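Here is how the chains run, residue by residue.
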Amino acid sequence: PESSPSPAAAVRAASVGSQVQKDGRQMFDKNELRLMHQEVFTTAIRKYQEQLAKNTGPSASEALNLSECTLKPNPRLVQVYVRKRPLSPEEKQKDFDVMAVPAGSPLPSRLLLHRCLFQADLRTPVINHLNFEFDAVFNDQVQDHEVYRVSVHHLVTSSKEGGASTVLMFGQTGSGKTHSMSAIQRFAAKDLFEGLHGGMALSVVEVRAGRCFELLGEASGKELRIREGSAGSYVAEGASELFPQGPEDLCRALKEAQSRRATSATEANEESSRSHAICTIRLLQTGGTLTLADCAGTERRKDQAHHSREHQKEGAEINASLHALKECVRFLSMGQRIPSHAYRTSALTKLLAGSFSRVNAASLAVFCTVAPGATDTEHSLATLQTAAGLRATSVREEKEVLSGASQPREPHPKNWSPEQVRTWLSSIEDGRFAEVCTGLPIDFTGQMFVRLTEARFAQLCGGGDRGKQLFDMLHAEMRRADQSRLR
C-alpha cells in the first residue's frame, strides 16, 4: 500500500501560548480558542456535514473512476487541483479536522473549509462554511497513483507529443507538498520512458534568495547566471544536463537533486524546503518539455519569528516570488500572452518563462496541498484562495452562529466592589486572610486590588510567605475568571 502525504512533525497548536497582561488578564489567540472549544465546533461541523449529505450525498470516500475521469479531455489551459492530507497521529490528540470533500461525478471537485472563529466578545463561537470548487479535489484517502493519473498523466503524454507541460506545486510548509511531488516524479518517470524514441535530457536547479544554483552532478551548489535568450525566454547559463537511460536512472538523479536542496527546520516540518526546485525534462526527438516546479513552502509568521534575520529575508523572497508566479499563471489562465515585465519580477518566473511563452502548446497543472487541522486554518485558507483565484471561481460562504455555548460570566476580580473584595478575603483559606481587610480603605475596589504588587501583599499580611500566597491566590482567581469568560 502507498503511504499518505507526510504530515507535520508536530501539532502547530502546541507552540501557541497564552499571554498574561499586566493586570492579570489571560489573552488567548484564535488557535487556542479553537482547541479549548473543540467539542462545540466538532459537533456543529458534524451536524452541518450530515445535513449536507442528506441534500447532496455523502463525502467522497469511494474509489475514483479513473477511466471515466481521465479519458475526457480538459478544455482548460490551466487546471487547478487540491489535495488534502490526513491528520497525523500527533495532531489527532489535540487538533481536529475542519475540511470535507463532498462526493462528485466523475470525481470530487469541491472542498469545504469550516473556519472556526469567535465573535468580538470572545464568547460566541461562529463557523464560516467556505465552499471552494476546482478541477478536482483529492481527499486524504486517495492514493498517489490516482492523484497522478487524474492530474498529471495527460501532461506527460502532451510533452511526449511535443507540448510544453508544467506542474506547479504550491502549499504551506508541512502540508504534504514535497511528498506529492515525489510521487508524481516517480510515476512520470515510468510513463516518459514507455515507447520513448530519441532519449531525454534532464536539468535541475534551485532558486534561493533570488539566485539560481545547480543541483546536478559535481557542480552542485554552483551559482548560475540567468541570461535572457531568444523570444523572451531565459536560461540558467552553464546548467548541467544528464541523459538518463531509464526510469530508475531518472528517479535516482531527481532524488539526489532533492537531497541537495536548501532546507530548514520549522515547527511544521523538520526539513522545510527553503528554495524552489525546477526540474526540466527535454524530449530530444519531439522537442517537448515537462517542467516540474516544487515551490518552497509559504512561510508562516510564527515560523519566521524563530528564524534568523537571514532566514526571515529568505522567507520574504519566497513569498514575493510565489506572488510573481501567481500573476503569470493568472495571465495564462485567461488565455493571454504574459507580458515580459511579469517574468522579470523574480528568478523563478524567468526560469519558467520558456514553458509559459508557448501559448499554443502550453498546458499547466497547478497542484495545491492543504493541511486539514483547525490550527492550520488561516494558512490553508490562503492556499485555497490563491487556487480559487487562479481558476477564476468564486467562493461561497455561509456563516453559522453557534448558540448555547456561552455561559454567564463570573465577575473578574478587577470588577469587584469593595464589599466583594472583603467577602473574598474573609472566605479563602477558612478566614486566614480576613485581618487583611483592616488594612484596606473602606472604598477599596477590585480595580485597586489587582494592581497591588507582591511586596505590598507582604506588608498587608505581615510576612513575605503569606503575602506571596495571597498574591498567587488572587492571580489564580483572575485566570479562572478569564477562562470562565471563554467557556
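Residues numbered from 1 in each chain as written. Predicted model: local features only at pLDDT ≥ 70, side-chain atom pairs only at ≥ 80, totals over all residues. Heavy atoms only, no water.

Participant: It is not clear to me how the overall build of the protein should be interpreted in this structure. Could you clarify?
Facilitator: The helix and strand inventory of the protein stands at 17 helices and 18 strands. In the protein, buried positions account for 49% of the 487 residues. Put simply, 73% of the contacts in the protein that link residues at least 6 apart link residues at least 24 apart. With the model as given, the accessible surface of the protein reaches about 22,500 Å², and the carbon-plus-sulfur share is 48%. (Helix = DSSP H or I, 4+ residues; strand = E, 2+ residues; numbered from the N terminus. Buried < 20%, exposed > 50% of the residue type's maximum accessible area, 1.4 Å probe, protein only. Contact = heavy atoms within 4.5 Å. Areas by Shrake-Rupley, 256 points an atom, 1.4 Å probe, with all protein chains shown as cover.)

Participant: Could you clarify how one ought to interpret the packing of helix α5 (residues 144–151) against helix α7 (residues 177–193) in this entry?
Facilitator: Helix packing geometry: the angle between the two helix axes and the distance between the axes. At their nearest, the axes of α5 and α7 sit 9 Å apart, and the two run at 70 degrees to each other. In this view, α5 runs roughly perpendicular relative to α7, as classed from their interaxial angle. The way α5 lies across α7 gives a crossing that is right-handed. Facing α5, whose interface residues are Asp-144, His-145 and Tyr-148, α7 presents His-179, Ala-183, Ile-184, Arg-186, Phe-187, Ala-188 and Asp-191. (Axes fitted to C-alpha atoms, helices over the stretch in contact; angles between N-to-C directions. Parallel < 35°, antiparallel > 145°, perpendicular 65-115°, else oblique. Left-handed = near helix turned anticlockwise from the far one by under 90°.)

Participant: Where do I start with the sheet that holds strand β4 (residues 99–100) in this structure?
Facilitator: The strands that make up a sheet are held in pairs by hydrogen bonds between backbone atoms, and each pair lies either parallel or antiparallel. Within the open sheet, the four strands sit side by side as β4-β5-β6-β18. Their pairing is antiparallel. The sheet is open, and its two edges are formed by β4 and β18 (396–401), each paired on a single side. Pairing of strand β5 (residues 110–118) with strand β6 (residues 125–133) involves nine bridges; the strand directions are antiparallel. When the sheet's bridge partners are listed, Leu-111 is paired in β6 with Phe-132. Relative to the sheet, helix α13 (residues 377–391) contacts β4, β5 and β6, its axis offset from that of β5 by approximately 140 degrees. (Pairing = 2+ DSSP bridges.)

Participant: Is there a simple way to explain helix α14 (residues 418–427) in this structure?
Facilitator: Because each turn of an α-helix spans 3.6 residues, side chains separated by three or four positions in sequence point in the same direction. Inspection of α14 places Val-421, Trp-424 and Leu-425 among the buried residues, and these make up the whole buried set. Buried residues of α14 fall within an arc of 95 degrees about the axis and therefore sit on the same side. Just downstream of α14, Glu-429 is the residue with a positive phi angle, here 50 degrees. (Arc of directions from axis to C-beta.)

Participant: So what exactly am I meant to see when it comes to the packing of aromatic side chains here?
Facilitator: The geometry of an aromatic ring pair comes down to the distance between the two centres and the angle between the two planes. Tallied over the entire structure, the rule returns 10 aromatic pairs. Each ring, one from Trp-416 and one from Trp-424, has its centre 5.5 Å from the other, and the planes form 40 degrees; the classification is tilted. Classification of Trp-424 by relative accessible area gives buried; the value is 11%. Their ring planes at 75 degrees and their centres at 5.8 Å tell us that Phe-457 and Phe-471 sit as a pair that is edge-to-face. Placement of the pair is Phe-457 in helix α16 (residues 454–461) and Phe-471 in helix α17 (residues 464–486), with a sequence separation of 14 residues. The pair Phe-457 / Phe-471 is uniform in exposure class, with both members buried. In textbook terms, an aromatic cluster arises when at least three aromatic residues are bridged by ring pairs, as seen for Trp-416, Trp-424, Phe-444, Phe-449, Phe-457 and Phe-471. Sitting above the plane of the Phe-187 ring, Arg-186 keeps its charged end 5.0 Å from the centroid. (Phe/Tyr/Trp six-rings, centres within 6.5 Å; stacked < 30°, edge-to-face > 60°. Lys NZ or Arg CZ within 6 Å of the ring centre and 35° of its normal.)

Participant: How do you make sense of the sheet that holds strand β17 (residues 362–370) when you look at a structure like this?
Facilitator: With respect to topology, 10 strands assemble into an open sheet ordered β7-β3-β17-β8-β16-β15-β9-β10-β11-β12, the strand pairing being mixed. Strands with a single pairing partner mark the edges of an open sheet, and in this sheet they are β7 (136–138) and β12 (234–237). Each strand axis lies, on average, 25 degrees off the axis of its neighbour in the sheet, ignoring direction. Both strand β9 (residues 200–208) and strand β10 (residues 211–214) contribute to a ladder of four bridges, which runs antiparallel. Residue pairing for β10: Arg-208 is matched across the bridge by Arg-211. α5 rests against β3 (78–84), β7 and β17 of the sheet, and its axis sits at about 170 degrees to β7. Contacting β9, β15 (276–283) and β16 (289–294), helix α8 (residues 247–259) crosses the sheet at an angle of about 10 degrees to β9.

Participant: Hey, could you run me through the packing of helix α6 (residues 153–160) against α7 in this one?
Facilitator: Between α6 and α7, whose axes approach to 10 Å, the crossing angle comes to 35 degrees. Judged by the twist between their axes, the crossing of α6 over α7 is right-handed. Listed contacts from α7 to His-153, Val-156, Ser-159 and Lys-160 of α6 are Ala-188, Asp-191 and Leu-192. Looking at the contact of α6 with α7 residue by residue, the class counts come to three nonpolar, two polar and two charged. (Nonpolar A, V, L, I, M, F, W, Y, C, P; charged D, E, K, R; others polar.)

Participant: Got a minute to help me understand the pattern of salt bridges in this structure?
Facilitator: All chains considered together, the criterion is met by 21 salt bridges. One salt bridge connects Asp-135 with Arg-391, and the closest N-O pair in it is separated by 3.2 Å. Note that Asp-135 is positioned in the loop between β6 and β7 and Arg-391 in helix α13, a separation of 256 residues in sequence. The two residues Asp-135 and Arg-391 agree in class, both being buried. Its salt-bridge partner being Asp-249, residue Arg-252 comes within 3.2 Å of it at the nearest N-O pair. Of this pair, Arg-252 and Asp-249 both sit in helix α8, three residues apart, which is roughly one turn of the helix. What makes Arg-252 partly exposed here is its relative accessible area of 46%. Taking relative accessible area as the criterion, Asp-249 reaches 30% and is therefore assigned partly exposed. The structure contains a network of salt bridges with shared partners spanning Arg-34, Arg-115 and Glu-378. (Salt bridge = Lys/Arg side-chain N within 4 Å of Asp/Glu carboxyl O.)

Participant: Is there a simple way to explain the environment of Gly-287 in this structure?
Facilitator: Examined against the element boundaries, Gly-287 turns out to sit in the loop between β15 and β16. Here the alpha-carbon distance between Gly-287 and Gly-162, two residues 125 residues apart in the chain, equals 5.3 Å.

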